[in-house]
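Here's the letter readout for the chains.
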Amino acid sequence: AQSVTQLDSQVPVFEEAPVELRCNYSSSVSVYLFWYVQYPNQGLQLLLKYLSGSTLVKGINGFEAEFNKSQTSFHLRKPSVHISDTAEYFCAVSDGSARQLTFGSGTQLTVLP
Amino acid sequence: GAGVSQSPRYKVAKRGQDVALRCDPISGHVSLFWYQQALGQGPEFLTYFQNEAQLDKSGLPSDRFFAERPEGSVSTLKIQRTQQEDSAVYLCASTLGGLNTGELFFGEGSRLTVL
């Protein structure tokens, strides 16, 4: 079985400040890792994904994440946030052979002016 | 259309009523998924189709939930004798291949409220 823990349910941050949204996972096998973003009243949109290769993954809108196998983490970072980054962010894991994507409970990022 | 389309966007049902939620995936996408998202929670897997075959329904919470995709394109999620605990947003997602290709394309969801 696989699971995802997002340690912070809410993260307020001022505009142009850096932000890190934390994600830890558990899985008995190799994993694929994802970050999705959900803007109000919209569907989930893929921000970035780790399938293999370089552990530093760059995504859309200036976000990046680093896969750390020893710490079983996949934290999301952005060096300077904008008001428009306000949204709910979900970390998700798949073991590839499963047909299920397991999501965390989400982190609400609120960017303050 | 270009994206995954779901209808209705909002549905209010009285307890005990049956409801049907429709998903129109991106044209040509082989895989289709249904998720349930309760308020303040992440999406939880319900079921998965590859073309018309329902390959995994392990996430369906009870036998009141039924999903079909008879022609391998449009899918319907049916909930019989709705209960208050069924209130949630039901998300549909599709992808061209299997899950390990990395990206699911999600619809905007159908918000079900059971009174």
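These numbers were taken from a predicted model, which means no experiment stands behind them.

**Student:** Requested: an account of unusual backbone geometry, with residues and values cited.
**Tutor:** Residue Pro-8 of chain B is bonded to the preceding Ser-7 of chain B through a cis peptide linkage, with omega at -10°. Here Pro-8 of chain B is to be found in the loop between strand 1 (5-7) and strand 2 (10-13). We note that Glu-16 of chain A has phi near 75°; this positive angle belongs to a residue other than glycine. Relative to the elements of secondary structure, Glu-16 of chain A occurs in the loop between strand 2 (10-14) and strand 3 (19-21).

**Student:** Before we move on, could you go through the layout of surface pockets and cite the residues and values that matter?
**Tutor:** If you add up the space inside the largest pocket, you get close to 510 Å³. In this structure, the largest pocket is lined by 24 residues; those nearest its centre are Gln-38 of chain A together with Gln-37, Leu-39, Val-89 and Arg-111 of chain B. Among the secondary structure elements, those contributing two or more residues to the lining of the largest pocket are strand 10 (87-94) of chain A together with strand 9 (88-95) and strand 11 (110-114) of chain B. Across the lining of the largest pocket, the residue classes tally to ten nonpolar, ten polar and four charged. Reported here for the second largest pocket is a volume of approximately 180 Å³. Taken together, the residues of the lining of the second largest pocket sort by class into seven nonpolar, three polar and two charged.

**Student:** Summarise the environment of Pro-25 of chain B; cite the residues concerned and give the values.
**Tutor:** Residue and element names in this part refer to chain B. Among the secondary structure elements, Pro-25 is positioned in the loop between strand 3 (19-24) and strand 4 (31-37). On the accessibility criterion, Pro-25 (9% relative accessible area) is buried. Sequence spacing of Pro-25 and Phe-105 is 80 residues, and the spatial spacing of their C-alpha atoms is 8.6 Å. In contact with Pro-25, other than residues within four places in its own chain, are Val-4, Leu-32, Arg-69, Ser-73, Val-74 and Ser-94.

What counts, and at which threshold
Residues numbered from 1 in each chain as written. Chains lettered and ligands numbered in written order. Predicted model: local features only at pLDDT ≥ 70, side-chain atom pairs only at ≥ 80, totals over all residues. Heavy atoms only, no water. Helix = DSSP H or I, 4+ residues; strand = E, 2+ residues; numbered from the N terminus. 1 Å grid on protein atoms, 1.4 Å probe; cavity = no way out; pocket = protein on both sides within 12 Å on 5 of 7 lines; lining within 4 Å. Points joined across faces, edges and corners; volume = space filled by probe spheres on them. Nonpolar A, V, L, I, M, F, W, Y, C, P; charged D, E, K, R; others polar. Buried < 20%, exposed > 50% of the residue type's maximum accessible area, 1.4 Å probe, protein only. Contact = heavy atoms within 4.5 Å.

Any functional reading would require information that these geometric values do not contain.
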